[in-house]
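# Examining the three-dimensional arrangement
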Amino acid sequence: MDQMIGRMLDNRYELLELIGSGGMAVVYKAKCHRLNRLVAVKVLKSDLAEDADFRRRFRDESQAVAMLSHPNIVSVYDVSRGETEYIVMELIDGITLKQYMEKRGQLNWREALHFITQIMKALSHAHSRGIIHRDIKPQNIMVLRDGSVKVADFGIACLANSANTLTQEALGSVHYMSPEQARGDRTDARSDIYSAGVVLYEMLTGRLPFEGDNAVSVAIQHLSSVPLSPREINPDVPEALELICMKAMASDIDRRYPTADAMLAAHDDSLDDVALLNGAAGGCLLDRADHDVTNVCVSLAGAAQHAEAHQLLGTGVVGNFEISLHLNHFRYLLSNCSKQRAKITLPSQRYGPGASAHPCSGGGTP
């Protein structure tokens, strides 16, 4: 049994159970006795905690990240003050995006767009406060049951890069590493954008852009190779979304999006090209071939009084963990459509409980 289980940190946090372990830290489910709530406590591994300089930087980075406050970033509540180095974070009821993709495989491009938008919003917030993640990868992105995502390990990621230890975590990170990181050059916000592009590529295609027998061979490919385009692997990917992905992954840092906000703006501007808008086909927002979504549209339009029972736009089940895309994502797509002056309204606004037409039928009044 882990000797840390049952231990009380700073007379406040009682460690209840082990929930994860990485190259630098061990994560425990804990109870905060002061606020009577469950939290996650990430404890720095003892071999790294012995380095005084590393401990100092661990605290400085953790305190900086604790200043971040965004719905798509895992919140940091507290930082250690005693002998044991730890960070107290919100306890997430979810799984990593990597686990989700391993079970689901290639994601529907709409789902990929839903996830990458949230990831870029998290990066935009962090970058605006001078914090670069430096290790964006699906293992550091949590997917919650409602389909929202939270980016984790901002402070830890920076320290992990400086540790220069070739752990299994490092081997996993190299697949998402920017060329400048592979060269050992200085990094900035555009390095995170590159890594986010790789995550988007993997979601769209079900595979990584570069594979190799070892970390060095993968890193070299980031420097000198061009991956297959997403549409060569998955023809269903809209061309506009492919262009966004490939620009984010440009090996030349100056050819990428300069900021996370610029990449988010590209998402919005591409909605017409992505064919989210089918104004000529009765104003249908979603692909008619997506029967699950269409059925939900029917339910929302034909039974407004039961709207709460029809919140799902799509559902993915990983083991016993169910992840859903909810009506708020539908509203998000609609809000973006309004920016393009699309003549689209929510189903409940256009069709009453007894209406025979629905938004994806091509009928009714546009």
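What comes next is a walk through the structure. This is a predicted model, so every value here is computed, not measured.

Once that is clear, we can look at the environment of Phe115. With respect to the helices and strands, the residue Phe115 is situated in helix 4 (residues 109-128). A relative accessible area of 0% means that Phe115 is categorised as buried. Sequence separation between Phe115 and Gly147 is 32 residues; the distance between their C-alpha atoms is 8.1 Å. When sequence neighbours within four positions are dropped, the list of residues in contact with Phe115 reads Leu97, Tyr100, Leu107, Val143, Gly147, Val149 and Met203.

Take the sheet that holds strand 7 (residues 94-96) next. The antiparallel open sheet is built from 3 strands, whose spatial order is 7-8-9. Each edge of the open sheet carries a strand with a single partner, namely strand 7 and strand 9 (149-151). Neighbouring strand axes in the sheet, compared pairwise and without regard to direction, differ in orientation by 30° on average. Strand direction decides the pairing type here: strand 7 and strand 8 (residues 141-144), joined by 3 bridges, are antiparallel. Bridging across to strand 8, Ile95 finds its partner in Val143.

Before going further, it helps to examine the environment of Val218. Of note, Val218 is situated in helix 9 (residues 215-224). Linking Val218 and Val174, residues 44 residues apart in sequence, is a C-alpha distance of 6.8 Å. Aside from chain neighbours lying at most four places away, what touches Val218 is Val174, His175, Phe210, Glu211 and Gly212.

Time to look at helix 2 (residues 52-65). With 14 residues, helix 2 extends 20 Å from end C-alpha to end C-alpha; this agrees with the ideal 20 Å at 1.5 Å per step. Considered for burial, the residues of helix 2 that qualify are Phe54, Phe58, Ser62 and Val65. With its buried residues spanning 65° around the axis, helix 2 presents them on a single face.

This structure, assessed with the given rule, holds 2 aromatic pairs. Residues Tyr100 and Phe115 carry aromatic rings whose centres are separated by 5.7 Å and whose planes lie at 80° to one another, so their mutual orientation is edge-to-face. With Tyr100 in helix 3 (residues 97-104) and Phe115 in helix 4, this residue pair connects regions lying 15 residues apart in the sequence. For the pair formed by Tyr100 and Phe115, the shared burial category is buried.

Once that is clear, we can look at the pairing of strand 4 (residues 37-44). If a strand is regular, its side chains alternate between the two faces of the sheet. Counting buried residues along strand 4, 6 of its 8 residues qualify, which places the element largely inside the surrounding structure. Bridge analysis of strand 3 (residues 25-32) against strand 4 gives 8 bridges, and the strand direction is antiparallel. Pairing of Lys31 across the sheet is with Leu38, part of strand 4. Once strand 3 ends, the chain turns through 4 residues before running back antiparallel as strand 4, passing Asn36 with a positive phi of about 55°. Taken together, the 5 bridges between strand 4 and strand 6 (residues 86-90) define a ladder with antiparallel strand orientation. Paired with Val41 across the two strands is Val88, which belongs to strand 6.

Below, the discussion takes up the side chain of Arg12. Looking at the secondary structure, you find Arg12 in the loop between strand 1 (8-9) and strand 2 (13-21). Residue classification places Arg12 among the buried positions, given a relative accessible area of 12%. The contact partners of Arg12, leaving out residues within four places of it in the chain, are Lys31, Cys32, His33, Arg34, Leu35 and Asp78.

What counts, and where the lines are drawn
- Residues numbered from 1 in each chain as written.
- Predicted model: local features only at pLDDT ≥ 70, side-chain atom pairs only at ≥ 80, totals over all residues.
- Heavy atoms only, no water.
- Helix = DSSP H or I, 4+ residues; strand = E, 2+ residues; numbered from the N terminus.
- Buried < 20%, exposed > 50% of the residue type's maximum accessible area, 1.4 Å probe, protein only.
- Contact = heavy atoms within 4.5 Å.
- Pairing = 2+ DSSP bridges.
- Axes fitted to C-alpha atoms, helices over the stretch in contact; angles between N-to-C directions.
- Expected span 1.5 Å × (residues − 1).
- Arc of directions from axis to C-beta.
- Phe/Tyr/Trp six-rings, centres within 6.5 Å; stacked < 30°, edge-to-face > 60°.

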